[in-house]
Each structure stands twice: as C-alpha cells, then as structure tokens.
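# Observations on chain architecture
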Amino acid sequence: GPIKQEDLRNLAELGQGNGGSVIKVEYIPTGLIMAKKIVLIDAKPTVRKQILREIRITHSCNSRFIVSSFGSYILDPNICICMEFMDKGSFDGICKRIGAIPINVVGMVAANVLEGLLYLYDVHHIIHRDIKPSNILLNSEGEIKLCDFGVSGELINSIANTFVGTSVYMSPERIQGAEYSVESDVWSLGITLIELAHGRFPFYMEEADDELSAQPDFDADREPEQRDVPDLLAPPLSPASRRRNRRRSKGVSLQGGSTELSILELLQQIVREPPPRLTSSEKDEGKFPKVADEFVDACLIKEQQDRRPPAELLKYEWIEQTLDSGVGMKKWAESV
Ligand code: ADP
Ligand code: MG
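Counting of residues starts from 1 at the beginning of each chain's written sequence and follows it residue by residue. Throughout, the order in which chains and ligands are written sets their labels, letters from A for the former and numbers from 1 for the latter. Local features are withheld for residues below a pLDDT of 70 in this predicted model, meaning they are given only at 70 or higher, and side-chain atom pairs are given and counted only at 80 or more; totals for whole chains, interfaces and linings count all residues.

If you check an unreviewed UniProt entry, the protein appears there as Pkinase-domain-containing protein from Lentinula aciculospora.

## Digging into helix 9 (residues 290-299)
Counting other C-beta atoms within 10 Å of a residue's own tells you its class, since 20 or more makes it buried, 12 or fewer makes it exposed, and anything in between is partly exposed; those C-beta atoms are placed from the backbone. Here a strand is any run of E in DSSP of at least two residues, a helix any run of H or I of at least four, and the numbering for each starts at the N terminus. If you check which residues of helix 9 are buried, you get Ala 292, Phe 295, Val 296 and Cys 299. One face of helix 9 carries all of its buried residues, which in axial projection span an arc of 95 degrees. We call two residues in contact if the C-beta atoms placed from their backbones are at most 7 Å apart. Buried positions along helix 9 lie against helix 3 (103-124), helix 6 (182-198), helix 10 (310-313) and helix 11 (317-324). To obtain the arc, one takes the directions from the helix axis to the C-beta atoms.

## Let's talk about the pairing of strand 1 (residues 8-16)
Across the nine residues that make up strand 1, only a small minority, zero, are buried. Here seven bridges tie strand 1 to strand 2 (residues 20-27), and the two strands are oriented antiparallel to one another. Within strand 2, the residue paired with Ala 12 across the bridge is Lys 24. Strand pairing is assigned whenever DSSP identifies at least 2 bridges connecting the two strands. The loop that links strand 1 with its antiparallel partner strand 2 comprises three residues.

## A few points about the environment of Pro 275
Within the secondary structure, Pro 275 is located in the loop between helix 8 (263-272) and helix 9. Residue classification places Pro 275 among the partly exposed residues on the basis of 19 C-beta atoms within 10 Å.

## Quick word on the sheet that holds strand 3 (residues 32-40)
Within a beta sheet, neighbouring strands are joined by backbone hydrogen bonds and run either parallel or antiparallel to one another. Spatially, the five strands line up as an open sheet ordered 1-2-3-5-4, and their pairing is antiparallel. Each having just a single partner strand, strand 1 and strand 4 (69-75) make up the two edges of the open sheet. Across this sheet, the average inter-strand angle for adjacent strands is 25 degrees, counted without regard to direction. Here strand 4 pairs with strand 5 (residues 78-84) via six bridges, running antiparallel. By the bridge assignment for strand 5, Gly 71 is matched with Cys 82. Think of each axis as a best-fit line through the C-alpha atoms, taken over the contacting stretch in the case of a helix, with angles from 0 to 180 degrees between the N-to-C directions.

Here you go:
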C-alpha cells in the first residue's frame, strides 16, 4: 500500500536544501531504510494534488542510474517524497570530506550521469534541470545515481523559496531566460565535473588587485536573501563598479571575508566570460588526461546548439577509456 507518515521513524538528518530537508527514516513495516525529502509547499490543495500526480511519475522510473522513489504524500504544508537511501551521500559532501575526487572516479560520474540523463530523456521525456554535485549520490556498492529531477513544473513554481531554480550550475542560455533543454543539463554536468576534479567550484574573479580569488562554498546556490532580478544583459562591469557592487551586495555574498562574490556577479560572468576548463592554469598542466579535457570542453560549449547531447558524449574517448579501465568503484566508495 501507499506509504503513510505513521509508518516512518526518523533516524537522522541527511541534509538541508533550499527547498526543504532530507531525513534518514526507517519504514517500520519492513525495516527498510529510506531517505525522506520534505518540501515546504506554498500552494492551494488542488495545485498540491497536481504536484503529487507529477511526482508520482518518478515512481515509474526504473534505472540503475536514477535514485528510485517509493512513494510520496502530503503532510500539510509539506510534501514528503520517500526515496532510496544512498549511504555514501552526495558528491558535494564527499568533496567536503576528501577534497578533489580522483579523475577516473570523475569519469565514472560523467558516464553514470550521462546514462541517467539519457534514460530520463528517452524513456520519460524528462529534462533533469538541476544537475549539481548534491544531486549525484553514491552508495557503498559503488553505484552512482541521479536524484531530484524536475518532473514537476508545479512543484518548482510552488516551493516556498523564491530562489529555487537559480543556480551557479546554470547554462548561459538558461541564465538569459531560455527554456531548459537536455543541453543545459550537459553544461551543468561540465561545471560539476570540474568542481569534483579540483575539489572546488570553478568560477573565479579575474581581478588580482585585491586578491579576489572568490571561491563560493558548496552552498553557493542557496542564498535565500537574494531577491534581485539580475540584469544579465547589461554591459560588462568595470573592476571599480564590480567592487562597488560587491560592497552593495554584502549579505548576499557567497562566502564571507575578503573572497566574496555575489551570485549576480557570478551569473554575469558565466554569460560573458569564456567557459571554464578542466585544465585552466599552468600548474594543472598534465594533471588530467587530454581526453578528459576534450570531454569537459564539449560539455561547456557556450552556444547551446553546438553543445553535444548525452548520447554523443557517451561515445567520447574519455568515457570509453574510463569504462574499459574497470574503475574499482565499490572499493573506492567503501574508502570515502
Ligand atoms: P541540495 O540537493 O540542494 O543539497 P536537498 O534538499 O535536495 O538539497 O538535499 C539535501 C542533502 O540531503 C543532499 O545534499 C544530500 O547530501 C542528502 N540526500 C538527498 N537525497 C538523499 C538520498 N536519497 N540518500 C542519501 N542522502 C540524500
Ligand atoms: Mg537535492
């Protein structure tokens, strides 16, 4: 039968996102451990029922590249989504614990995310819309799976936080207001891979005069205070006006101290600057295989129409080499 709130026992909090929180729970009737996501919804009962219907599409997803879903229910004013518990957590947490991820494991992340995107797109006609390290999960079997895909347009509209949907992993065309496409997911994957391979987010301010090597933390996309509509089509800012902006935007900085960078500046930078690269400085030269650089460059082509779709990217040499080399994912997963 359907899962009911009374059948669940809370065990631990797994994390907080901008839409709600995730709790490790036991399903008492069978003893199965699950992850329960609680989303605070600001919507009328009829809309809420529509959201539930949309979320239930996820229950029919059946792929080893997608976190499975056991059921969902309304617990006013929240919607609760019960899903497969991934005991090694998400890749943002893993990065926080161990720093940079070995490049062959990053290759496995790329391969699994592409397979997941392909499955969602080909079988369910769903675009993920929120690829980032915290939505890529690992278990101690060494399996890598996607969660939190945007099935529900109504859900996205109703989450009681205006900042939902704005993310530093967003593609240039999305920042400029274009519709989501599977290629926007590919961009987000490229950014994610650089972050995992380096152990930190890839965007930096290029100013040297005040040591502004801003490094947003992994919560960079969750700034509840930010309410401004970014004027993304404005001409490039001078360094002086950037500094002014930065002072004005105190309180919405991504990191405290002298290394702050407002999300607005970051989004402007994504639109205006050349795309980031896996090997971007001399000190990284030779650190990663050339085929990995080639793959990430293909994900981060700024023009959406020139970016490669998942099916083509799966045929890239880096992916084939990674899969052929038999990365010991189970052993690695047990070690993190
Ligand atoms: P975000 O993805 O923005 O971090 P979420 O609310 O989606 O916010 O998730 C919060 C955290 O909960 C994630 O970062 C992840 O570490 C953890 N989490 C989410 N789903 C699961 C799951 N199925 N199994 C284990 N941990 C999970
Ligand atoms: Mg998430």
